[in-house]
Amino acid sequence: MSDIKIKMNNISKVFETDELETHALQNINITIKAGDYVSISGPSGCGKSTLLSILGLLDMPSGGEYEIEGVNVTDLSLDQAAEIRNSKIGFIFQSFNLIDELSVFDNVALPLRYKAKVPSDKEIATRVAECLELVGMSHRSSHKPNQLSGGQQQRIAIARALVAKPAILLVDEPTGNLDSKSGDQVMDVLEKLNDNGTTICMVTHDPRYADMAKTQLRLLDGAILTTPRLATA
Ligand code: ADP
Ligand code: MG
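Residues numbered from 1 in each chain as written. Chains lettered and ligands numbered in written order. Predicted model: local features only at pLDDT ≥ 70, side-chain atom pairs only at ≥ 80, totals over all residues. Heavy atoms only, no water.

### A word on the overall build of the protein
To keep it simple, the criterion reads: Secondary structure elements are defined from DSSP: runs of H or I of at least 4 residues count as helices, runs of E of at least 2 residues count as strands, and each element is numbered from the N terminus. The quantity called the radius of gyration is restricted to C-alpha atoms. Its globule counterpart is 2.2 Å times the number of residues to the power 0.38. For the exposure calls, accessible area comes from a 1.4 Å probe over protein chains only, and a residue counts as buried if that area is under 20% of its type's maximum, exposed if over 50%, partly exposed in between. The criterion used for residue contact is that any of the two residues' heavy atoms lie within 4.5 Å. Surface accessibility in these figures is a Shrake-Rupley result with a 1.4 Å probe; residues are shielded only by whichever protein chains are displayed. Residues scored as charged are limited to Lys and Arg (positive) and Asp and Glu (negative), so that His and the chain ends carry no count. Where a charge lies is defined by one atom per residue type: Lys uses NZ, Arg uses CZ, Asp uses CG and Glu uses CD.
From N to C terminus, the protein includes seven helices and ten strands. In summary, the protein has a C-alpha radius of gyration of 18 Å against a globular reference of 17 Å for 233 residues, a match within 12%. In terms of principal-axis extent, the alpha carbons of the protein reach across some 50 × 40 × 40 Å. The 233 residues of the protein split such that 47% are buried. For the protein, long-range pairs separated by at least 24 residues make up 69% of all intrachain contacts whose partners lie at least 6 apart in sequence. Surface accessibility of the protein: about 11900 Å² in total, with carbon and sulfur atoms responsible for 48%. Placing the 23 positive and 30 negative side-chain charges of the protein at their respective mean positions leaves the two points 8 Å apart.

Written as structure tokens, this is what we have:
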């Protein structure tokens, strides 16, 4: 398989309301390779969330072309988009979006139970244990989310995003609801995952965290500003 995970060519997004046209994105060209860690930063209103929504097939572009792992995903039906989203994309949001009634184990297992071909209970148990180990939360498998700190909940959300082995993790302001110490721990987890080969694209307004990525993109008024700085490692 090609090692290109994401390829956007001349992507634009226009929001049209009764009296107003907002050009939220224009001429966006992004290539993300396997193992890359990309940050997208920029001021409020510059188009970060719009770009992440299009990357995650939560919204469709107005123009341009988009490929995930070599498959053209530009003009999908809602059903097709949902299917590719479930199998290829892992999301991590500022709000952890865990289900309070379910244990940590069952929260992390959820994406596997929604797969077209549901794995066996034994396979699910093995994979969930692996992912909890990766985020350092094996000892909290039976807890409920509200028995955990915010930083721990975000690490559970990361395990859930990873469990179905997505092509890429899309991360939106992962530390927005966390104190700086928990935020740093969450960023350490993301860095470790990337060291182990996970491809990550993260949106943040925090320059300190944007700097941790290998490729740093800056958005201004819907366009990418700087040439990406390439990884030196
Ligand atoms: P950021 O995440 O960088 O703060 P957004 O992507 O949310 O920026 O927004 C980019 C621009 O698009 C803003 O001008 C915003 O008002 C506009 N916008 C975003 N979503 C919509 C929408 N659903 N309808 C109309 N305008 C929108
Ligand atoms: Mg936003």
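### Remarks on the packing of aromatic side chains
To keep it simple, the criterion reads: Under the pairing criterion, centres of Phe, Tyr and Trp rings, with the six-membered ring standing for Trp, must be within 6.5 Å; the plane angle then separates stacked pairs below 30 degrees from edge-to-face pairs above 60, leaving the rest tilted.
According to the stated counting rule, one finds one aromatic pair in the structure shown. For the pair Phe-91 and Phe-93, a centre-to-centre distance of 5.4 Å together with 10 degrees between the ring planes defines the contact as stacked. Residue Phe-91 is classed as buried on the basis of its relative accessible area of 18%.

### Here we look at the layout of surface pockets
This is how it is decided: Both cavities and pockets are sets of points on a 1 Å grid over the protein atoms alone; in a cavity a 1.4 Å probe fits but cannot get out, in a pocket the set is open with protein on both sides within 12 Å along at least five of seven lines, and lining residues sit with an atom within 4 Å of a point. Grid points are joined across faces, edges and corners, and a volume is the space filled by probe spheres set on the points.
Computed from the structure, the largest pocket encloses a volume of approximately 630 Å³. Considering the residues around the largest pocket, the lining is formed by 19 residues, among which Arg-85, Asn-86, Ser-87, Ile-89 and Pro-111 are closest to the centre. Counting only elements with at least two residues in the lining of the largest pocket, the list comes to α2 (78–88), β6 (89–92), α3 (104–113) and α5 (150–162). Here the lining of the largest pocket takes four residues from α2, the largest share from any one element.

### Things to note about unusual backbone geometry
Most peptide bonds adopt trans geometry, and most residues besides glycine take a negative phi value. A positive phi angle is found at Asn-10, which is not glycine, with a value near 55 degrees. Inspection of the secondary structure assignment puts Asn-10 in strand β1 (residues 4–16). In this model, Lys-165 sits at a positive phi of 50 degrees, which is unusual for a non-glycine residue. Judged by relative accessible area, Lys-165 falls into the exposed class, the value being 60%.

### Brief notes about α5
Here is the rule we go by: Residue count minus one, scaled by 1.5 Å, sets the expected span of a helix.
The terminal C-alpha atoms of α5, which comprises 13 residues, lie 19 Å apart, in line with the 18 Å expected from a rise of 1.5 Å per residue. Taking burial as the measure, the 13 residues of α5 include twelve buried ones, the bulk of the element. Those residues of α5 lying buried are Gly-151, Gln-152, Gln-153, Gln-154, Arg-155, Ile-156, Ala-157, Ile-158, Ala-159, Arg-160, Ala-161 and Leu-162. For α5, the elements touching its buried residues are β6, α3, α4 (121–134), β7 (168–172) and α6 (180–195).

### Digging into the side chain of Ser-39
Short version of the rule: Throughout this description, a polar contact denotes any pair of N or O atoms lying within 3.5 Å of each other; where both atoms belong to protein, one of them has to be capable of donating a hydrogen while the other can accept it, and for residues adjacent in sequence the pair is counted only when both atoms sit in side chains.
Structurally, Ser-39 is set in strand β3 (residues 37–41). The exposure class of Ser-39 is buried, given its relative accessible area of 0%. From its side chain, Ser-39 meets the backbone oxygen of Ala-210 in a polar contact 3.0 Å long.

### Topic: the packing of α3 against α5
Helix-helix packing is characterised by the crossing angle of the two axes and by the distance between the axes. Just so we agree on the cut-off: Helix axes are fitted to C-alpha atoms over the stretch in contact, other axes to C-alpha atoms as well, and angles between N-to-C directions run from 0 to 180 degrees. When an angle is under 35 degrees it counts as roughly parallel; over 145 it counts as roughly antiparallel; between 65 and 115 it counts as roughly perpendicular; any other value is oblique. Take the far helix as your reference; a near helix turned counterclockwise from it by less than a right angle gives a left-handed crossing, and one turned clockwise gives a right-handed crossing.
Orientation of α3 relative to α5, taken along the N-to-C sense of each, is 30 degrees, at an axis distance of 7 Å. Classed by the angle they form, the pair α3 and α5 counts as roughly parallel. The crossing of α3 and α5 is right-handed. For the pair α3 and α5, the contacting residues are Val-104, Asn-107, Val-108 and Pro-111 in the first and Ile-156, Ala-159 and Arg-160 in the second.

### A short note on the nonpolar core
The cut-off we apply is this: In plain words, nonpolar cores are sets of buried Ala, Val, Leu, Ile, Met, Phe, Trp, Tyr and Cys residues tied together by side-chain atoms within 4.5 Å.
If you look at the biggest cluster of nonpolar residues, it comprises 35 residues, and the most contacted ones within it are Val-108, Leu-132, Ile-156, Ile-158, Leu-169, Leu-190 and Met-202. The element that contributes the greatest number of residues to this core is α5, accounting for six residues. For Leu-169, the residues in contact, after removing those within four places along its chain, are Gly-90, Ile-92, Ala-161, Leu-162, Leu-190, Leu-193, Thr-198, Thr-199, Ile-200 and Cys-201. By size, the runner-up hydrophobic cluster in this structure holds 29 residues, among which are Cys-46, Leu-52, Ile-54 and Cys-201.

### As for the pattern of salt bridges
Two side chains bearing opposite charge may form a pair once their charged atoms approach each other closely. The criterion, for reference: Between Lys or Arg on one side and Asp or Glu on the other, a salt bridge is scored when a side-chain nitrogen of the former is within 4 Å of a carboxyl oxygen of the latter.
A full pass over the atoms with the stated rule returns six salt bridges. Close ionic contact of Lys-88 with Glu-69 constitutes a salt bridge, the shortest N to O distance being 2.7 Å. In this pair, Lys-88 is assigned in helix α2 and Glu-69 in the loop between β4 (63–68) and β5 (71–72), connecting sequence segments 19 residues apart. For Lys-88, a relative accessible area of 25% puts it in the partly exposed group.

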